[in-house]
Every structure is written in C-alpha cells, then in structure tokens.
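Structural features, examined
What follows is the residue order along each chain.
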Amino acid sequence: MKPRILIVEDEPGIADTLQYALRTDGFEPAWCATGEAAIAAVRAEPPALVILDVGLPDLSGFEVFRRLRETADVPVVFLTARSDEIDRVVGLELGADDYIAKPFSPRELVARVRSILRRSARPAASDAPPAAPLRPLQVDDGRRQIRFYGRLLELSRYEYGLLKTLAARPGHVFTRDA
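Just so we're clear, the structure is a prediction, and the values are computed from it rather than from any experiment. (Residues numbered from 1 in each chain as written. Predicted model: local features only at pLDDT ≥ 70, side-chain atom pairs only at ≥ 80, totals over all residues. Heavy atoms only, no water.)

**Quick look at the nonpolar core**
To keep things clear, this is the line we draw: We define the nonpolar core as a collection of buried residues of types Ala, Val, Leu, Ile, Met, Phe, Trp, Tyr and Cys that are connected through side-chain atoms lying within 4.5 Å of one another. A simple rule labels every residue: compare its accessible area, found with a 1.4 Å probe on the protein chains alone, to the largest value its type can have, and call it buried under 20%, exposed over 50%, or partly exposed in between. Residue contacts are defined here by distance: any two heavy atoms, one from each residue, within 4.5 Å place the two residues in contact.
The biggest cluster of nonpolar side chains holds 24 residues, and the ones touching the most others in it are Leu 6, Val 8, Val 50, Leu 52, Val 64, Phe 65 and Phe 78. Discounting chain neighbours no more than four positions away, the residues touching Leu 52 are Val 8, Gly 61, Val 64, Phe 65, Val 76, Val 77, Phe 78 and Leu 79. Listed in part, the 17 residues of the second largest apolar core include Leu 18, Ala 21, Leu 22 and Leu 117.

Next comes the structure, spelled out in structure tokens:
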C-alpha cells in the first residue's frame, strides 16, 4: 500500500507539480485547496503526512496545523512563500516536522518526506496510542496555558505573557523598553 500524502495548497500549478513528484516516487498524493477541506480530509482518513501551505484563502496554515493536532498526530511539512525567520521559527515551534520555503526543489521535498516518514514509522499493531513527541514549551493561546514537557505550568497572566514572549523569540535579548 502506497503512503497517502495530503497536499494543502491553493495554487493548482504547485499542487500538480507536487502530485507528480510524489506519484513518481511511489506515494499516493491527495490535494485540498483550503484549510477547512484539509481538516475534513484528515478527520475522514488520516494521511501518512501533510504538506501544508501557510497562506491559504480561508485559514492560516498555522491555524490549520493547530486544528489538525487536536485530532491527529500526523507529520506536517510547511511549504510556503513565507520565508522570514519568524515564520520558520513559529512553524517549527508549533511542532511541524519541517519548513520549506518556495521556490523549492520537488526532488528535495520528496526526499524530506521520505526521511520524515522513516523517522515517524511506528509499529502498526500496537494497542497503546502513539505518544506525541514532546516539545519543551507548548503554548496554547486559546486557553492561555503553557506546558513544559507536557506538564501544565501554573502561571499568573503576567507570567504567561512574559513566558510566551520569551518563547516566541529564543535567544533574543529584550530590554525593559521593548
């Protein structure tokens, strides 16, 4: 059975290129042009991996990613024209498996997909649910909560705001004025 790869991309030309490259390399590509369609597709039949554009017409790719993570632990590769450092950091800090900026090499993207699938391969006949990979800090804006390696931190609203700001820009030196 070929691994199914869901492409979430609003530009048909890019989607066609990705489908061709994936199909040629032995994958079964599926395509959605909107975030809502992608969320529905993953709920209906979780793919082996999702290639997700950040700039979608209906939802931000980051929002789609958050909503996907609520129901499925599927590897995600962001593929986007947004190549600023902050966008890459946000995508990776959210928990994406990779972040590729456009323009891109279809062969390199397929090689990265193969690599991620090798790393995320799990035994098929396991009764225990797969453990989600732990990230040091997980910020949940909706609930205004932060988890440190999965453990909920009890923070005041000021502590929450400060830690969220620091976590968004690791290594950055802040001044009192900023």
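On we go from here.
**Examining the environment of Leu 94**
Where we set the bar: Runs of H or I in DSSP of at least four residues are treated as helices and runs of E of at least two as strands, each being numbered from the N terminus.
Relative to the helices and strands, Leu 94 is located in helix 4 (residues 85-94). In sequence terms Leu 94 and Arg 66 are 28 residues apart; their C-alpha atoms lie 7.8 Å from each other.

**A few points about the pattern of salt bridges**
Here is the rule: A carboxyl oxygen of Asp or Glu within 4 Å of a side-chain nitrogen of Lys or Arg is what we treat as a salt bridge.
Applying the stated criterion to the full structure yields ten salt bridges. Across the salt bridge formed by Arg 112 and Asp 98, the nearest N and O atoms sit 2.8 Å from each other. Residue Arg 112 is found in helix 5 (residues 106-120), and its partner Asp 98 is found in strand 5 (residues 98-101); the two are separated by 14 residues along the sequence. Judged by its relative accessible area of 30%, Arg 112 falls in the partly exposed class. Among the residues examined, Asp 98 registers a relative accessible area of 14% and is labelled buried.

**Focus on the packing of aromatic side chains**
Just so we agree on the cut-off: In this scheme Phe, Tyr and Trp rings, the latter by its six-membered ring, pair at centre separations within 6.5 Å, and the angle between planes marks the pair as stacked below 30 degrees, edge-to-face above 60, and tilted otherwise.
Using the criterion set out here, one finds three aromatic pairs in the structure. Each ring, one from Phe 65 and one from Phe 78, has its centre 5.6 Å from the other, and the planes form 45°; the classification is tilted. Taken together, the positions of Phe 65 in helix 3 (residues 61-71) and Phe 78 in strand 4 (residues 76-80) put the pair 13 residues apart, joining distant regions of the chain. With centroids separated by 5.9 Å and ring planes inclined at 50°, the aromatic side chains of Phe 78 and Tyr 99 adopt a geometry described as tilted.

**Things to note about the packing of helix 1 (residues 12-24) against helix 5**
Rules: Working convention: axes come from line fits to C-alpha atoms, limited for helices to the stretch in contact. Angles between N-to-C directions cover 0 to 180 degrees. Note on angle classes: values under 35 degrees are labelled roughly parallel, values over 145 roughly antiparallel, values of 65 to 115 roughly perpendicular, and the remainder oblique. Two helices crossing with the near one rotated counterclockwise from the far one by less than a right angle form a left-handed crossing, whereas a clockwise rotation gives a right-handed crossing. Residue classes follow a fixed rule: Ala, Val, Leu, Ile, Met, Phe, Trp, Tyr, Cys and Pro count as nonpolar, while Asp, Glu, Lys and Arg count as charged, and any other residue, Gly among them, counts as polar.
Contact pair helix 1 / helix 5: the axes reach a minimum separation of 10 Å and the direction vectors enclose 55°. One element, helix 1, and the other, helix 5, form an angle in the oblique class. Read as a crossing pair, helix 1 and helix 5 show a hand that is right-handed. The segment helix 1 lies against helix 5, with Thr 17, Leu 18, Ala 21 and Leu 22 engaging Pro 106, Leu 109 and Val 110. The class makeup of the residues in the contact of helix 1 with helix 5 is six nonpolar, one polar and no charged.

**Focus: the sheet that holds strand 4**
Heads up, the rule is: Note on pairing: two strands pair once DSSP finds at least 2 bridges between them.
The strand order 2-1-3-4-5 describes an open sheet built from five strands, whose pairing is parallel. Pairing within the sheet leaves two strands with one partner each, and these edge strands are strand 2 (28-32) and strand 5. On average, each strand axis in the sheet is inclined to that of its neighbour by 20°, with strand direction left out of account. Alignment of strand 1 (residues 4-8) against strand 3 (residues 49-52), held across four bridges, turns out to be parallel. Directly across from Leu 6, in strand 3, lies its bridge partner Val 50. On top of the sheet, helix 4 reaches strand 4 and strand 5; it is set at about 155° to strand 5, its chief contact. Across the sheet, helix 5 lies against strand 1, strand 3, strand 4 and strand 5, angled at about 145° from strand 3, the strand it touches most.

**Describing the sheet that holds strand 6 (residues 137-140)**
Pairing is antiparallel in the open sheet, where three strands are placed in the order 6-7-8. This sheet does not close on itself; its edge strands, each paired only once, are strand 6 and strand 8 (151-152). One ladder, built from two bridges, connects strand 7 (residues 145-148) with strand 8; its direction is antiparallel. Counted as the bridge partner of Phe 148 is Arg 151 from strand 8. In the packing of helix 6 (residues 157-168) onto the sheet, the strands contacted are strand 6 and strand 7, and the crossing angle to strand 6 comes to about 120°.

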